[in-house]
Amino acid sequence: MSFSLDPEAAEWAAKARAFADNELMPYELEAEMNHGQLPPGVSERHERIAVEIGLASQDAPRAHGGLELPVLTQVAMAEQLGRVTNGLSWCYPEAQSWMFEAFSPEQIERHAKAMMRGERHVCYAITEEFAGSDPGEIRTTARREGDHYVVTGEKWHVTSYNVADTVIVQAVLAGGEHDGAHALFFCPADAEGLSVVRTPVYTHNYQHHHAILKFDGVRIPAADRIGAEGDGMGVTHSWFRRERLMIAARCCGAAERLIEEALAFAKTRIVSGEAIMSYQLIQAMLADSAVEMHAARLMTREAAVAHDRGADLKTLHARCSLAKLYASEMAFRVADRAVQIFGGRGYMRENVAERFLREVRVDRIWEGTSEIQRLIIARALDKRGLAATIGS
Ligand SMILES: Cc1cc2nc3c(=O)[nH]c(=O)nc-3n(C[C@H](O)[C@H](O)[C@H](O)COP(=O)(O)OP(=O)(O)OC[C@H]3O[C@@H](n4cnc5c(N)ncnc54)[C@H](O)[C@@H]3O)c2cc1C
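Here the structure is a predicted model, which means the values were calculated and not measured.

Enquirer: Whenever I open this one, the overall build of the protein confuses me. Can you help?
Expert: Helix and strand counts for the protein come out as 11 helices and 10 strands. Whereas a compact globule of 392 residues would reach a radius of gyration of roughly 21 Å, the protein reaches 21 Å, a difference of no more than 12%. Buried residues in the protein amount to 54% of all 392 residues. Residue pairs at least 24 apart in sequence account for 74% of intrachain contacts in the protein once pairs closer than 6 positions are excluded. About 17,200 Å² of surface is accessible on the protein, with carbon and sulfur atoms providing 54% of the total. Counting 43 positive and 54 negative side-chain charges, the protein places the averaged centre of each group 3 Å from the other.

If you want it as structure tokens, here you go:
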């Protein structure tokens, strides 16, 4: 089995790298110093280029005008975008393949295809104050009234609400045949009854904020339900699989950049008359980082190849958890070592290692914490055994 990229995949990765290096990285410091804000017009330009390159339609089926790139190719592109700090690569909507299975034909036209054109910006509201690791515990309700649902509850950490026009909200059905089951709904970001409780400040400086939202009897047409009543958790799991794999890929990219930057610094920084690269304690930090980054990338690409092979969904679910768990923990260790190699400079916000140390921390939390990934892996081991879990 090969995880190296064929010429076509390498070409896509090169496009993503050029976009990251030439268009996004030049704005890292400006974003960092201005709470994520970019000069007027820059985000629009980034989005336009991303859509032109094909990033917004990379995972969409060809039958719907998408590129339907192999998952390995998409992972290779995500690695490149992960090399950028300050969330600058979050500049385009992504029409993901699961959407074309879960959405109705009308929803595909109105939402998924508009995302491919960069004309629809969606955020996801699942987590609540008392339901994070276990989405089964959410309390937001959707009560059917004629041809509408009435949604009531509060959602936390809703990433990108400030730049979104649509919220995908998960709620528990109250009453009716599927009472207690979950469903997902499209809700306009400016719907009557939907308001921002507050926008907390987080560790990173991103243009995309993480609002706490209140749904106060928001009326959502039944036609805006995603899938059938009770499909909520299944659809959310499809989204989690995709996001976990891509988080793993971005963490590999972050680690790659950190190692390259720390290596370049170590070769030129002279202490006691010697480049610090000649000191074996520095060499060890770089060697350990390279080994772990390589292992994480192999694991992530292997999971991508398993997707491309059409492996069983349950196996893929555990594989994405393996990759996300290892890559996110690896990236934090690599960032910490990079800060150490940069010394005092590594503690300055203008330094890439300082920013990544703060930014990759959340990759051990969102889309399921490291503890939850371990539980998923352990459950897979228990049910299917080691060979099936790791795909050997
Ligand atoms: C910056 C950011 C952006 C986010 N964006 C979104 C978003 O766009 N949409 C959205 O819906 N959510 C979003 N989230 C929420 C995120 O997915 C949750 O924070 C995450 O799932 C953890 O839930 P929690 O914060 O409630 O922690 P909790 O579930 O309260 O967990 C607290 C601690 O307990 C541990 N724990 C929990 N259960 C177990 C167990 N069974 N065994 C062992 N340990 C356990 C956890 O691992 C963690 O260490 C975002 C979060 C952050 C920080």
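Enquirer: Is there a simple way to explain the packing of aromatic side chains in this structure?
Expert: Each aromatic ring pair is summarised here by two numbers: the centre-to-centre distance and the angle between the ring planes. Tallying each qualifying case throughout the model produces eight aromatic pairs. Pairing Trp98 with Phe103 gives two aromatic rings, centres 6.0 Å apart and planes at 85°, and the pair type is edge-to-face. Here Trp98 matches Phe103 in class, with each residue buried. With 4.9 Å between their ring centres and 75° between their planes, Phe103 and Phe186 make a pair best called edge-to-face. Of this pair, Phe103 sits in the loop between α5 (97–102) and α6 (105–116) while Phe186 sits in strand β5 (residues 182–188); the two residues are 83 residues apart in sequence, bridging distant segments of the chain. Judged on exposure class, the residue Phe103 and its partner Phe186 are both buried. Three or more aromatic residues joined by ring pairs make a cluster, and in this case those are Trp90, Tyr206 and Trp366. The ring of Trp12 carries the charged tip of Lys15 above its face, separated from the ring centre by 4.0 Å.

Enquirer: So what exactly am I meant to see when it comes to the site of the ligand here?
Expert: Near the ligand there are 19 residues, and of these Thr127, Ser133, Thr159, Thr369 and Glu371 occur at the shortest range. In the model, an oxygen atom of the ligand is placed 2.9 Å from a nitrogen or oxygen of the Ile126 main chain. A distance of 2.8 Å is found between a nitrogen atom of the ligand and a backbone nitrogen or oxygen belonging to His157. Among the secondary structure elements, those contributing two or more residues to the shell around the ligand are β1 (122–125), β3 (148–159) and α11 (370–390). Class assignment for the residues of the shell around the ligand results in 10 nonpolar, seven polar and two charged.

Enquirer: What should I look at first to understand the packing of helix α9 (residues 313–342) against α11 in this one?
Expert: A pair of packed helices can be characterised by two numbers: the angle between their axes and the separation between those axes. Close contact between α9 and α11 brings their axes to 9 Å; oriented N to C, the two are set at 130°. Classed by the angle they form, the pair α9 and α11 counts as oblique. Considering how the two elements wind past one another, α9 and α11 form a crossing that is left-handed. In contact with Lys314, Thr315, His317, Ala318, Arg319, Ser321, Leu322, Lys324, Leu325, Ser328 and Glu329 of α9, α11 contributes Ser370, Gln373, Arg374, Ile376, Ile377, Ala380, Arg384, Ala388, Thr389 and Ile390. A class-by-class count of the residues in the contact of α9 with α11 yields eight nonpolar, seven polar and six charged.

Enquirer: How should the pairing of strand β7 (residues 210–221) be read in this particular structure?
Expert: Put simply, side chains in a regular strand alternate between the two faces of the sheet. Across nine bridges, β3 lies against β7 in antiparallel orientation. Directly across from Lys155, in β7, lies its bridge partner Leu213. Relative to β7, strand β6 (residues 194–198) runs antiparallel, the two sharing four bridges. When the sheet's bridge partners are listed, Arg198 is paired in β7 with Ile212.

Enquirer: Can you walk me through helix α4 (residues 71–81) in this structure?
Expert: Owing to its 3.6 residues per turn, the α-helix aligns residues three or four sequence positions apart on the same side. A large share of α4 lies buried, amounting to 11 of its 11 residues. If you check which residues of α4 are buried, you get Val71, Leu72, Thr73, Gln74, Val75, Ala76, Met77, Ala78, Glu79, Gln80 and Leu81. Residues of α4 that are buried sit in contact with α1 (7–24), α7 (232–268) and α8 (280–309).

Enquirer: Would you mind showing me how to read the pairing of strand β2 (residues 141–145) here?
Expert: Sheet analysis places β2 next to β3, joined by five bridges and oriented antiparallel. Bridge pairing in β3 places Arg143 opposite Val150. Judged from the two bridges that link them, β2 and strand β4 (residues 166–173) form a sheet pairing that is parallel. Counted as the bridge partner of Ala142 is Leu173 from β4.

Enquirer: Before we go on, may I ask you to explain the pattern of salt bridges in this structure?
Expert: In the structure shown here, the tally under the stated rule is 27 salt bridges. As a salt-bridge pair, Arg17 and Glu256 come within 3.4 Å of each other at their nearest N and O atoms. Residue Arg17 is located in helix α1, and its partner Glu256 is located in helix α7; the two are separated by 239 residues in the primary sequence. Here Glu302 makes a salt bridge to Arg319, at a shortest N to O gap of 2.8 Å. Of this pair, Glu302 sits in helix α8 while Arg319 sits in helix α9; the two residues are 17 residues apart in sequence, bridging distant segments of the chain. Grouping residues by exposure puts Glu302 and Arg319 together as buried.

Enquirer: Could you clarify how one ought to interpret the packing of α7 against α8 in this entry?
Expert: Where α7 meets α8, the closest approach of the two axes is 9 Å, and the angle between their N-to-C directions is 155°. The orientation of α7 relative to α8 falls into the category roughly antiparallel. Viewed along their axes, α7 and α8 form a crossing whose handedness is left-handed. Touching Leu245, Ala248, Ala249, Cys252, Ala255, Glu256, Ile259, Ala262, Leu263 and Ala266 of α7 are Ile282, Leu286, Ser289, Ala290, Met293, Ala296, Arg297, Thr300, Ala303, Ala304 and His307, all from α8. Each residue belonging to the contact of α7 with α8 can be placed in one class, and the counts come to 16 nonpolar, three polar and two charged.

Rules used throughout
Residues numbered from 1 in each chain as written. Predicted model: local features only at pLDDT ≥ 70, side-chain atom pairs only at ≥ 80, totals over all residues. Heavy atoms only, no water. Helix = DSSP H or I, 4+ residues; strand = E, 2+ residues; numbered from the N terminus. Rg over C-alpha atoms; globule rule 2.2 N^0.38 Å. Buried < 20%, exposed > 50% of the residue type's maximum accessible area, 1.4 Å probe, protein only. Contact = heavy atoms within 4.5 Å. Areas by Shrake-Rupley, 256 points an atom, 1.4 Å probe, with all protein chains shown as cover. Lys, Arg positive; Asp, Glu negative; His and termini not counted. Charge placed at Lys NZ, Arg CZ, Asp CG, Glu CD. Phe/Tyr/Trp six-rings, centres within 6.5 Å; stacked < 30°, edge-to-face > 60°. Lys NZ or Arg CZ within 6 Å of the ring centre and 35° of its normal. Near = heavy atom within 4 Å. Polar contact = N/O pair within 3.5 Å; in protein donor to acceptor, adjacent residues only side chain to side chain. Nonpolar A, V, L, I, M, F, W, Y, C, P; charged D, E, K, R; others polar. Axes fitted to C-alpha atoms, helices over the stretch in contact; angles between N-to-C directions. Parallel < 35°, antiparallel > 145°, perpendicular 65-115°, else oblique. Left-handed = near helix turned anticlockwise from the far one by under 90°. Pairing = 2+ DSSP bridges. Salt bridge = Lys/Arg side-chain N within 4 Å of Asp/Glu carboxyl O.

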